[in-house]
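Commentary on secondary and tertiary structure
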Amino acid sequence: MRASPAPTPSRRSVLAGAAVAATAVALPVAAPAAAHAASRRTEEVQGAEPHRWRTAAIGGTGFVTGLLFHPSVKGLAYARTDIGGAYRWDDTRSRWTALTDQLGWDDWNLLGVEALAVDRAHPDRLYLALGTYAQSWAGPGAVLRSEDRGATWTRTDLTVRLGANEDGRGAGERLLVDPRDSEQLWLGTRHDGLLRSTDRGATWASADFPVTPSANGQGVMFLVAAGRTVYAGWGGGGTPLYRTNASGGWEAVPGQPSGGSASKVPIRAAYDTNTHALYVTYADAPGPNGQSDGSVHRLDTVTGSWTDVTPVAPDSGAGDGFGYGGVAVDAGRAGTVVVTTNNRWSQIDTLFRSTDGGATWSSLKDTAVLDVSETPYLRWGGDAAKFGWWIQAVAIDPYDSRHIVFGTGATIYGTRDLVHWAPQIRRLEESAVRFLIAPPTDGARLLSGLGDIGVMYHESLTASPSRGMASNPVFGTATGLALAALKPSYVVRTGWPSGSSAAGAYSDDGGSSWQPFAAQPAIAASAPGPVAVGADGATLLWSFIHWDGTKYPAHRSTDNGATWTEVATFPKGGTPVADPLDLKRFYVYDTDTGSVFLSTDSGATFTQGATGLPSGDSQFKLAAAPGRSGDLWLSAKDNGLFRSTDGGLTFSAVAGCQASHALGFGAAAPAGPRKSGRRARDSYPAIFQTGRVSATFDGVAVLRSDDAGATWVRINDDSHQWGWTGEVITGDPRIHGRVYLGTNGRGIQYAAPE
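Residues numbered from 1 in each chain as written. Predicted model: local features only at pLDDT ≥ 70, side-chain atom pairs only at ≥ 80, totals over all residues. Heavy atoms only, no water.

Our focus in this paragraph is the pattern of salt bridges. Counted according to the given criterion, the structure contains 28 salt bridges. Between Arg200 and Glu147 there is a salt bridge; the shortest N-O distance is 2.4 Å. With a gap of 53 residues between them, Arg200 in the loop between strand 13 (194-197) and strand 14 (205-206) and Glu147 in the loop between strand 9 (142-146) and strand 10 (152-157) connect regions that are remote in the sequence. Look at Arg200 and you get partly exposed, because its relative accessible area is 23%. For the salt bridge of Lys637 with Asp617, the shortest nitrogen-to-oxygen distance reads 2.8 Å. One end of the pair, Lys637, is in the loop between strand 48 (632-635) and strand 49 (641-644); the other, Asp617, is in the loop between strand 46 (607-608) and strand 47 (621-624), with 20 residues separating them in the sequence. (Salt bridge = Lys/Arg side-chain N within 4 Å of Asp/Glu carboxyl O. Helix = DSSP H or I, 4+ residues; strand = E, 2+ residues; numbered from the N terminus. Buried < 20%, exposed > 50% of the residue type's maximum accessible area, 1.4 Å probe, protein only.)

Okay, structure coming up:
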């Protein structure tokens, strides 16, 4: 995620989810937990069609909160993210392997990884602490443990909540295998103190820790081993650093820094086994935002003496406020340590490296040569990429002192010579996807609208878009993306401005290049909402809704955005939908009242159509079937799926569909027998949805219908679920069966029948 000093909406969607049951179950990557499966799923009740699922290449795009090289295995490393799961590094292929895609719809809150841990004595063991939000509306966290580096898992559900996407998520690690006993694990929580397991994570209980948890949501910031002693950072106020003692209890570390904002919150710590020095980074806030002061201190664990080794003192009064974040030591070179700055917007964040225990430092950013040609979006619409922001994770390869990696708000940079840096990010995809359009003509394979990084033009699905982020103008989070059905070269997009006040743009070449609207309504920059374009590209309808939910009147343009007129009869905050054939027809679903409104005068006025439909949820979605006029589908989440064939005047429930969250269309099935022996009933477009059809699969799944919703087939499997997938899905209008699915933290998934 890319952040800026000014608050803007984030791609980290807040989702409603069910609480997780408290039990310990086996969880292979190829299947969900058995106990969960028994209660809510029946494997392949009627229909499933094998698909090969892959992830479209962009390259990161999200906050990498933790990086860890295994101390005992050359080339083995792990990464964690705030909303996109965990990964294992494949050193042979120079790419990452996703380890948590098997987590399904009901487990959406577990896609955020609060902490990870490895066992030095048992190289194949891996532990993950999962839980995206620690709020009351989110379910409890869980611990996954693996004996095969994440290929298969055993799961223990916790009774406490974790917060992998909350403040302090770049601190850590909060999970640790005790250096004295591989059976014993420690887990630091935000609201519930310190937990301990004596059976390798199978069960957990509260540990006797000398601090009372506070309501600020930070709690235990990190756990680190220094020899046979465990140190714990505390972010809940008061004394910030504790350690285990000879009696097996915990005590405050004597002589530790105190009394100032620069050492208020311990962020991370690293231990140099060669010099017996513990390095601790501090800030005045947990981060990744809101830090303006910080420091770095070294503890001689033999003598107990402390030394302030801060590379550069922050100076918020002079406009250079920041904190310190990541810290790593070089296992092969005594006294070599790297620390990171964080939230340093004026001077740009950097890595400081010392080879003399912190006596002197050099800034690696100052000599860095960045190569982002593999992921051009990192230039952010400009000429050059930034060295980093939100840098709270850094690691040094224990088998290669010149191999350093660090996480940012959008990627992982790596070097093998301390000078040349490039993204080390292949197959790690963390974008939150808002919009997907598969154009019907040559040009882009796909257009995507994303959280934080605007719109992308995908000429290939296996390489990051060569144009990078859509520019002129650059957006943060995309709020609208639409294509003229009868003039597919014409595309419009809207989004949160970045670097200018422009919140809307159009393209005459299918999204390859862009021009900002010549004018925009006054509210546009502070409340950009979804947009629709008439089938011939002549009419634009733009809705406005602030990130806090406040809704404003929609506006209409018939001159390519040069002038705009308010549409008083359009329901405020609604999502406009254009008819794909009739140039004068537009539709909008008023989720407040459960009514459909329609226009037959090119969006100038709207009248009420069907009423009495589900209401009260802004995530209900209306879609128009391609190649037909007045054929509308309404996804109403757990209220089911509805269809209108009279332009929104009436709707009927689609029989057998218990839930529909996102819905899209693709090429119709070819005439004649299919592999399954079924024959397409007509040339109706293939329908794709994330929903629940119990006759096919008793759970939320990715589904396809080739007969206008009469029957459905499941097209994902238990290894490919990606948590919450309720935002967007679309088929390919050129290739029957190909589907593109947006996730909330695992990028764009796409597949075709095998």
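Let us keep going from here.
The full count for this structure, using the stated rule, is 26 aromatic pairs. Measuring from ring centre to ring centre gives 5.0 Å for Phe387 and Phe406, while their planes differ by 35°; the resulting arrangement is tilted. In this pair, Phe387 is assigned in the loop between strand 27 (369-370) and strand 28 (393-396) and Phe406 in strand 29 (residues 404-407), connecting sequence segments 19 residues apart. A network of ring pairs unites the aromatic residues Tyr490, Tyr506, Phe517, Trp542, Phe544 and Trp564 as a single cluster. Across the ring face of Trp514, the terminal group of Arg493 is positioned such that the distance to the ring centre comes to 4.6 Å. (Phe/Tyr/Trp six-rings, centres within 6.5 Å; stacked < 30°, edge-to-face > 60°. Lys NZ or Arg CZ within 6 Å of the ring centre and 35° of its normal.)

Turning our attention to the pairing of strand 32 (residues 433-437). Successive side chains on a regular strand alternate, one facing one side of the sheet and the next facing the other. In terms of burial, strand 32 is a largely internal element, four of the five residues being buried. The pairing of strand 32 with strand 33 (residues 446-450) spans four bridges and is classified as antiparallel. Its bridge partner being in strand 33, Ile437 is matched across the sheet by Leu447. (Pairing = 2+ DSSP bridges.)

Attention now moves to the pairing of strand 33. Most of strand 33 sits out of view: five of its five residues are buried. Where burial is concerned, the two faces of strand 33 agree: the one with Leu446, Ser448 and Leu450 and the one with Leu447 and Gly449 are both buried. As judged from the five bridges shared by strand 33 and strand 34 (residues 454-458), these two strands associate in the antiparallel manner. Residue pairing across strands places Leu446 opposite His458, the latter belonging to strand 34. The hairpin turn running from strand 33 into strand 34, its antiparallel successor, is three residues long, and Asp452 in that turn takes a positive phi close to 75°.

Below, the discussion takes up the sheet that holds strand 40 (residues 540-545). Spatial ordering of the open sheet is given by 39-40-41-42, a layout of four strands whose pairing is antiparallel. The sheet is open, and its two edges are formed by strand 39 (528-533) and strand 42 (565-567), each paired on a single side. Going from strand to strand, the sheet's axes swing by 30° on average, the running direction of each strand aside. Pairing analysis gives five bridges linking strand 40 to strand 41 (residues 551-557), with the strands arranged antiparallel. When the bridges of strand 41 are listed, Phe544 appears paired with Tyr552. (Axes fitted to C-alpha atoms, helices over the stretch in contact; angles between N-to-C directions.)

Our focus in this paragraph is a nonpolar patch on the surface. The grouping of Leu486, Leu581 and Leu583 at the surface amounts to a nonpolar patch, some 250 Å² of accessible area in total. Following the sequence through the fold, Leu486 ends up in the loop between strand 35 (475-484) and strand 36 (487-497). (Patch = residues over 30% accessible without salt bridge, like charges linked within 9 Å, V, L, I, M, F, W, Y side chains within 5 Å. Areas by Shrake-Rupley, 256 points an atom, 1.4 Å probe, with all protein chains shown as cover.)

The next thing to look at is the confidence of the model for the chain. Any residue range with low pLDDT should be treated as having predicted coordinates unsuitable for detailed reading. Looking at the chain as a whole, the pLDDT averages 93, with 92% of positions reaching at least 70. Within the model, pLDDT remains below 50 along residues 1-45, and this stretch shows 140 contacts once partners closer than five positions in the same chain are excluded. Segment residues 675-681: pLDDT under 50, and 11 contacts once partners within four positions in sequence are set aside and those in other chains are kept. (pLDDT = per-residue confidence, 0-100. Contact = heavy atoms within 4.5 Å.)

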